[in-house]
Amino acid sequence: MTTATPSAPTNKLGFTKQDYVGSKSTLCAGCGHDAITAQIINAAFESNIEGYRVTKYSGIGCSSKTPAYFINQGWGFNSVHGRMPSLATGASLANRNLINIGVSGDGDSMSIGMGQFVHAVRRNVPMIYIIEDNGVYGLTKGQFSATADQGAHLKTGAVNNLPPVDPCTLAIELGCGFVARCFSGNPKQLGAILKAAFAYEGTVVLDIISPCVTFNNHDASTRSYKHVKDHDFPLHDLGFIQYSEVEDVDIAAGATEHVTFPDGSKVAIKAIHDSYDPTDRFGAMKAIHESMAKGEFLTGLLYINPTQPTLTDVLNLVDEPLATLPESRVKPSAAVLEEIMQGLM
Amino acid sequence: MAVSQIAPTPTGGAKTRINDFSIQVATVNGSGSQTANTVLLRAIFQMGVFVSGKNLFPSNIAGLPTWFTIRASAKGYVARKASNEMLILMNAETAKEDVAKADVGALVIYDEPLQLDKLREDLVFVPVPFQKLVTASCPEPKLHKLVKNMIYVGVAARLLSVDMAEVKKAIAKQLKGKAKAIEINQAAADAGYDWAMEHLQDQDHIKVVRDNKTQGLIIVDGNEACALGAIFAGVTVVGWYPITPASSLVETFIEYAEEYRKDPETGKSTVAIVQMEDELASAGVVLAAGWAGARSMTSTAGPGVSLMSEFIGLGYYVEAPGVFFNVARTGPSTGLPTRTQQSDVELCAKCSHGDTQHINLYPGTMEECFQFSYDAFDLAELFQTPIFVVTDLDLGMQNWSSKPFAYPTKPYNRGKVLNQQQLAEAKDWGRYKDVDGDGICYRSLPGTPGGKGAYFTRGSGHNAYAQYSEKPEDYLEVVDRLRRKYENAKTHVPVPVFRNLGSAKGVLAFGSSDPAVIEAQDILAEGGLKTDYLRLRALPFTAEVDAFVKEKQVVYVVEQNRDGQMANIFRETYPEYATKFKSVLHYDGHAIAAKSIVDQITAFEQK
Ligand SMILES: Cc1ncc(C[n+]2csc(CCOP(=O)(O)OP(=O)(O)O)c2C)c(N)n1
Ligand code: SF4
Ligand SMILES: [Mg+2]
């Protein structure tokens with residue numbers, strides 16, 4: 001709040017967008033990851049997120065550096081390669097009031113961290129799980145990742161002969177209730193999806209195609225800005241309506257569909273091409289597979305199920321954060337110990 | 001059927017061993033023998049006699065050989081004894097070998113069809129028609145296999161003069177609440193006892209005589225003791241992955257949490273327990289929960305610690321609290337998963353790459369398993385670092401008698417955590433600033449309102465303000481402070497326990513070796529060699545340990561591993577005294593016995 005210029009617009013909490021920024025990025029100029037950071041800042045500002053409730057987790061990679069570049073009011077935890085999901089799991093259990101954002105890379109999540117990705121999604125850990133997907137290991141200088149397309153070329157000429165892993169169909173398969181694919185070069189779509197993600201209670205999986213300008217933006221790349229732009233196939237125009245601000249819809253009235261969240265928030269969905277039902281799990285799988293076969297990137301809200309119990313719900317925890325329960329609530333009495341000792345005699 | 005005559009023992013004339021013997025029972029695992037063995041152990045315990053039990057079991061669910069030894073000791077020695085006075089042989093597969101290995105004069109109770117009595121002349125054989133007895137006593141053929149074992153309890157009770165009322169009480173206790181099972185098992189024990197009364201003569205080789213040594217004592221295993229310590233320490237987040245011999249620690253914790261960690265009004269839980277996908281994820285849960293302010297823990301064994309090691313280094317460097325129980329087993333690799341060893345000493349002392357040092361607690365008794373588990377959470381939060389509580393299979397899974405645990409009245413120490421108001425008042429707060437000069441900095445918890453105190457935790461280089469830095473001076477400031485913090489722990493960890501007989505010769509041991517060392521000390525003293533014994537209970541070494549090392553001519557370091565890992569740490573810590581340390585080692589997977597300590601120290605002394 002301190003850095004606001006008198007004229008800067010504020011959100012409902014009285015914060016300016018500047019209050020949601022982080023440290024200066026040290027990524028390459030033009031890196032897709034920076035565009036995603038900008039949209040996270042935007043969405044948090046517009047969604048009136050209380051910064052102090054935000055925690056940010058990441059593994060290792062260029063993408064995993066980015067939590068330092070947004071929401072300085074929140075706490076960050078940059079961990080070890082591929083293990084960010086277990087951190088979000090532990091902290092979300094310790095304090096159920098936290099808003100958890102995990103940022104990972106395609107290497108971090110689809111190779112070394114595949115197990116943790118799978119199990120965090122399966123448990124429906126309350127977190128937004130972002131994969132900044134460039135098809136390569138940026139930080140270790142451009143080796144292929146497991147999302148690289150079959151036949152894709154590295155700058156060195158090396159060809160990837162193995163089939164890719166798709167985080168989105170995998171997440172749907174695992175029961176994830178909010179799966180989207182976006183392109184870092186389409187800020188409008190990404191912004192709407194991030195705002196919806198903030199309103200969602202369980203695991204949100206966002207696979208964001210995010211070109212690496214240094215190692216994977218050449219002509220033969222299938223993850224270059226040009227290639228992705230040419231093959232981007234947005235499903236719909238999206239608007240997100242927070243429960244409190246029905247008037248703020250940035251999508252034309254008469255949008256075809258609404259998906260309503262338990263708190264009353266709504267996602268408005270207007271189909272661009274053929275109609276696509278993002279609440280149809282099997283239909284979604286089919287459509288994604290078909291588009292991948294054509295070499296397209298189907299982007300937008302791929303699958304949504306707004307009511308799905310989270311890990312916190314399943315464990316039936318007390319309403320307050322476990323971390324700060326007073327001793328009197330967690331330490332059984334001397335009489336209890338006495339009773340246990342009698343039983344062991 | 002012919003009446004078995006118990007012949008006088010071949011060692012005839014030796015006096016009766018009253019409340020001083022070992023019984024070994026050989027069975028097939030999965031056959032229900034664990035219940036029978038525990039009943040026999042409990043019955044002797046209820047007679048007021050010190051008793052300990054050790055289960056030597058295979059890494060298998062059913063069908064492989066397993067041995068259970070019960071040691072009674074009037075003097076209170078509870079270590080494994082190298083020799084057995086009574087064998088109960090129920091396993092056809094191992095019976096011949098068991099007979100071949102038996103100590104001269106042993107009483108051998110066996111299943112009649114095994115026909116073992118011709119194998120040796122220097123043993124006393126007692127064939128028992130188990131099948132016949134079980135058929136007569138138990139109406140349900142399905143249960144014969146399980147109940148058969150209870151028959152040997154009756155036979156042994158008769159031969160040892162154990163009161164059948166105590167056997168029945170022990171059965172009722174062991175099968176708590178299952179009326180039908182209690183009835184069937186008591187009938188089987190009776191059948192064995194009655195048969196033995198009718199067919200067997202008295203023997204005067206070994207006997208149980210009522211005593212009053214166990215009044216008010218409990219029987220417990222170390223995993224349960226640790227679980228209880230954690231329950232009372234108010235643990236709120238547990239992430240774990242099953243592994244022998246550590247699983248029962250969390251499993252027992254879960255049972256107690258079901259009962260004692262529910263909100264009385266809402267029935268909701270005050271602890272989150274998640275079985276993770278592996279030990280890496282368990283470690284992540286523990287550290288992040290600790291970072292977010294919870295008291296968090298996991299329990300594992302060597303293979304799990306190996307997997308966790310990258311995370312443990314992260315916890316050390318970013319200063320996140322968490323308690324890691326390592327119930328050690330026989331390594332390397334998968335090793336002997338159901339056998340005991342103390343071979344993770346160096347692993348836990350320095351777990352992870354780079355320069356890392358960890359506080360390790362080494363409980364040696366059941367009361368310490370409870371108390372140290374309770375204290376470990378204070379230490380983790382006070383020092384903001386991963387803490388290892390290191391036990392082993394012998395402590396963790398075997399039956400030990402113990403004084404009941406005292407209620408830990410000391411309030412929790414949650415360490416240096418700044419709340420919203422303190423953060424607002426703090427001038428120039430930095431997460432890694434050493435304000436008090438003790439190496440321990442002030443932390444804030446995620447989710448604290450007020451707009452102050454947020455910081456970025458990273459396993460990469462950072463300065464006192466938790467900012468990314470590759471500057472040599474920033475790096476040194478942090479790692480040198482971590483070293484000071486570790487040094488500072490010396491005045492907070494448990495001090496050693498001494499048993500000094502007045503000697504310049506020292507014996508040093510830790511954890512489950514304690515009972516064997518005490519017994520060895522007595523045997524050595526009887527033979528004219530007095531020793532002073534220091535039982536180490538923690539790393540880093542406290543001033544008492546320094547003094548002991550300095551003062552003794554020689555220090556025999558007793559440990560259950562091949563490489564003398566603790567001795568190595570001593571040589572490294574006290575290079576000027578490196579030649580004083582002599583390793584006394586035992587590492588075959590069986591719990592250490594006094595004999596191997598006595599033999600090795602005697603050999604050193606004769607050099
Ligand atoms: C255990 C371990 N192995 C290897 C590495 C080296 N490493 C650092 S980042 C990285 C790959 C990152 O790729 P990705 O997640 O796709 O991130 P990007 O840089 O492309 O955003 C690797 C292999 C490491 N840090 N830790
Ligand atoms: S190397 Fe690639 S991924 Fe890394 S910062 Fe540069 S452009 Fe981004
Ligand atoms: Mg990548």
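Just above sits the structure.
Residues numbered from 1 in each chain as written. Chains lettered and ligands numbered in written order. Predicted model: local features only at pLDDT ≥ 70, side-chain atom pairs only at ≥ 80, totals over all residues. Heavy atoms only, no water.

This part takes up the overall build of chain A. Helix and strand content of chain A: twelve helices and 13 strands. By the compact-globule yardstick of 20 Å for 345 residues, chain A fits well, its C-alpha radius of gyration being 21 Å. Overall, chain A is about 75 × 50 × 45 Å in size when its C-alpha atoms are taken along their principal axes. The buried share of chain A, reckoned over its 345 residues, is 57%. Looking at chain A alone, contacts between residues at least 24 apart form 70% of all its contacts between residues at least 6 apart. Accessible surface computed for chain A: about 13,300 Å², of which carbon and sulfur atoms make up 55%. For chain A, the distance from the average site of its 25 positive side-chain charges to the average site of its 34 negative ones is 5 Å. (Helix = DSSP H or I, 4+ residues; strand = E, 2+ residues; numbered from the N terminus. Rg over C-alpha atoms; globule rule 2.2 N^0.38 Å. Buried < 20%, exposed > 50% of the residue type's maximum accessible area, 1.4 Å probe, protein only. Contact = heavy atoms within 4.5 Å. Areas by Shrake-Rupley, 256 points an atom, 1.4 Å probe, with all protein chains shown as cover. Lys, Arg positive; Asp, Glu negative; His and termini not counted. Charge placed at Lys NZ, Arg CZ, Asp CG, Glu CD.)

Now for the site of ligand 2. Taken together, Leu27, Cys28, Cys31, His33, Cys62, Asn134, Cys212, Val213, Thr214 and Phe215 of chain A form the complete shell of residues around ligand 2. Per-class residue counts for the shell around ligand 2 are seven nonpolar, three polar and no charged. (Near = heavy atom within 4 Å. Nonpolar A, V, L, I, M, F, W, Y, C, P; charged D, E, K, R; others polar.)

For side chains bearing opposite charge, pairing can occur when the charged atoms are close. All told, the structure shown has 53 salt bridges over all chains when counted by the stated rule. For lysine 268 of chain B, the salt bridge is made with aspartate 319 of chain A, and the minimal N-O distance between the two is 2.8 Å. Here the residue lysine 268 of chain B occupies a position in the loop between helix H8 (247–260) and strand S11 (272–275), and aspartate 319 of chain A occupies one in the loop between helix H10 (311–314) and helix H11 (327–330), the pair thus bridging two chains. Residues glutamate 97 of chain B and lysine 101 of chain B are paired through a salt bridge, measuring 3.5 Å at the closest nitrogen-oxygen approach. Of this pair, glutamate 97 of chain B and lysine 101 of chain B both sit in helix H2 (residues 92–101), separated by four residues, roughly a single helical turn. Among the residues examined, lysine 101 of chain B registers a relative accessible area of 62% and is labelled exposed. (Salt bridge = Lys/Arg side-chain N within 4 Å of Asp/Glu carboxyl O.)

Turning to the nonpolar core, a few remarks are in order. The nonpolar side chains of a soluble globular protein tend to be buried with one another. Residue and element names in this part refer to chain B. The biggest cluster of nonpolar side chains holds 148 residues, and the ones touching the most others in it are Phe253, Met297, Phe405, Leu536, Met566 and Phe570. Residue contributions to this core peak at eleven residues, all from helix H12 (residues 366–383). Every residue in contact with leucine 536, bar those within four places of it in the chain, is listed here: Tyr362, Pro496, Leu508, Ala509, Phe510, Phe541, Val545, Met566 and Phe570. With 55 residues, the next largest nonpolar core counts Leu40, Val155, Trp195 and Ile206 among its residues. (Core = buried A, V, L, I, M, F, W, Y, C linked by side-chain atoms within 4.5 Å.)

A few words now on the coordination of the magnesium ion (ligand 3). Residues and elements named next belong to chain A. Coordination of the magnesium ion (ligand 3) by the protein is provided by Asp106 (OD), Asn134 (OD1) and Val136 (O), with metal-donor distances spanning 2.1 to 2.2 Å. Counting residues between consecutive donors of the magnesium ion (ligand 3) along the chain gives the motif D-x27-N-x1-V. Linking aspartate 106 in helix H4 (residues 106–112) with valine 136 in strand S5 (residues 136–137), this pair joins segments that are 30 residues apart in sequence. Given the relative accessible area of 2%, aspartate 106 is considered buried. Using a relative accessible area of 2% as the deciding quantity, one classes valine 136 as buried. (Donors = N, O, S within 2.8 Å, 3.2 Å for Na, K, Ca; no water.)

Right, let's get into the packing of aromatic side chains. Residues and elements named next belong to chain B. Enumeration over the complete set of coordinates arrives at 23 aromatic pairs over all chains. Ring centres 5.9 Å apart and planes at 90° place the aromatic pair phenylalanine 232 and tyrosine 407 in the edge-to-face group. Residue phenylalanine 232 is located in helix H7 (residues 222–232), and its partner tyrosine 407 is located in the loop between strand S16 (400–402) and helix H14 (420–425); the two are separated by 175 residues in the primary sequence. A ring pair is formed by phenylalanine 570 and phenylalanine 581, whose centres lie 5.4 Å apart and whose planes are at 45°; its orientation type is tilted. Separated by eleven residues along the polypeptide, phenylalanine 570 in helix H18 (residues 565–573) and phenylalanine 581 in strand S23 (residues 581–585) bring together distant segments of the chain. Both residues of the pair, phenylalanine 570 and phenylalanine 581, belong to the buried class. Among the aromatic residues, those joined into a ring-pair cluster are Phe232, Phe370, Phe405 and Tyr407. Taking the ring centre of tyrosine 577 as reference, the NZ or CZ of lysine 580 above it sits at 4.4 Å. (Phe/Tyr/Trp six-rings, centres within 6.5 Å; stacked < 30°, edge-to-face > 60°. Lys NZ or Arg CZ within 6 Å of the ring centre and 35° of its normal.)

In the vicinity of ligand 1 lie 18 residues, with Cys62, Ser63, Asp106, Asp108 and Gly138 of chain A positioned nearest. Neighbouring residues of ligand 1 are not confined to a single chain but are spread across chains A and B. In this structure, an oxygen atom belonging to ligand 1 sits 2.7 Å away from a main-chain N or O atom of aspartate 108 of chain A. In this structure, valine 136 of chain A approaches ligand 1 through a main-chain N or O atom, which is 3.0 Å from an oxygen atom. (Polar contact = N/O pair within 3.5 Å; in protein donor to acceptor, adjacent residues only side chain to side chain.)

Buried accessible area, meaning the area lost when the parts come together, often serves as the stated size of an interface. Listed by partner, the interface residues are 56 residues for chain A and 71 residues for chain B. Together chain A and chain B conceal approximately 5,100 Å² of surface at their shared face, both sides included; 67% is due to carbon and sulfur atoms. There are three salt bridges connecting chain A and chain B. For arginine 123 of chain A, the salt bridge is made with glutamate 277 of chain B, and the minimal N-O distance between the two is 2.8 Å. Counting residues per element, the ones that place at least two in the side of chain A that touches chain B are strand S1 (54–58), strand S2 (75–78), helix H3 (84–94), helix H5 (114–123), H11 and helix H12 (334–344) of chain A. Classifying every residue of the side of chain A that touches chain B gives 28 nonpolar, 20 polar and eight charged. Two elements, S2 of chain A and strand S17 (residues 456–458) of chain B, share three bridges in a ladder whose sense is parallel. (Buried area = accessible area lost by both parts, 1.4 Å probe. Pairing = 2+ DSSP bridges.)

Okay, the sheet that holds strand S11 (residues 257–260) of chain A next. All names here are of chain A. The antiparallel open sheet is built from three strands, whose spatial order is S10-S12-S11. Each edge of the sheet is formed by a strand with only one pairing partner; in this case those strands are strand S10 (236–241) and S11. Averaged over all adjacent pairs, the angle separating strand axes in this sheet is 20°, with direction ignored. Bridge count between S10 and strand S12 (residues 266–271): six bridges; the pairing is antiparallel. For glycine 239, the partnering residue across the bridge sits in S12 and is alanine 268. Across the sheet, helix H7 (residues 187–199) lies against S10 and S12, angled at about 40° from S10, the strand it touches most. (Axes fitted to C-alpha atoms, helices over the stretch in contact; angles between N-to-C directions.)

This next bit is on the packing of helix H1 (residues 32–46) of chain A against H7 of chain A. All names here are of chain A. Axis separation between H1 and H7 bottoms out at 9 Å; the angle between their running directions is 50°. The pairing of H1 with H7 is recorded here as oblique in orientation. You can see that H1 and H7 cross each other, and the crossing is right-handed. For the pair formed by H1 and H7, the contact residues are Ile36, Gln39, Ile40, Ala43, Ala44 and Glu46 on the first element and Pro187, Leu190, Gly191, Leu194, Lys195 and Phe198 on the second. Grouping the constituent residues of the contact of H1 with H7 by class yields eight nonpolar, two polar and two charged. (Parallel < 35°, antiparallel > 145°, perpendicular 65-115°, else oblique. Left-handed = near helix turned anticlockwise from the far one by under 90°.)

As a further point, take the pairing of strand S3 (residues 51–56) of chain B. Residues and elements named next belong to chain B. Counted residue by residue, S3 has six buried out of six residues, so it is predominantly covered. Residues Val51, Gly53 and Asn55 point to one face of S3 and Ser52, Lys54 and Leu56 to the other, with burial holding for every one of them. Relative to strand S4 (residues 65–73), S3 runs antiparallel, the two being bridged by six bridges. Bridge pairing in S4 places lysine 54 opposite threonine 69.

All right, on to the side chain of aspartate 514 of chain B then. All names here are of chain B. Turning to its location among the elements, aspartate 514 is positioned in helix H16 (residues 514–526). Overall, the relative accessible area of 11% leaves aspartate 514 in the buried class. In contact with aspartate 514, other than residues within four places in its own chain, are Gly364, Tyr533 and Arg535.

Residue and element names in this part refer to chain A. Of all the seven residues making up strand S8 (residues 203–209), seven are buried; the element is thus mostly covered by neighbouring parts of the structure. Across the two faces of S8 the burial is the same, with Thr203, Val205, Asp207 and Ile209 and Val204, Leu206 and Ile208 all buried. Pairing between strand S4 (residues 127–133) and S8: seven bridges, direction parallel. The residue bridging methionine 127 from the neighbouring strand is threonine 203, located in S8. Following the chain from strand S7 (residues 178–183) across H7 to the adjacent parallel S8, one finds a crossover that is right-handed. (Right-handed = clockwise from strand over helix to strand, strands pointing away.)

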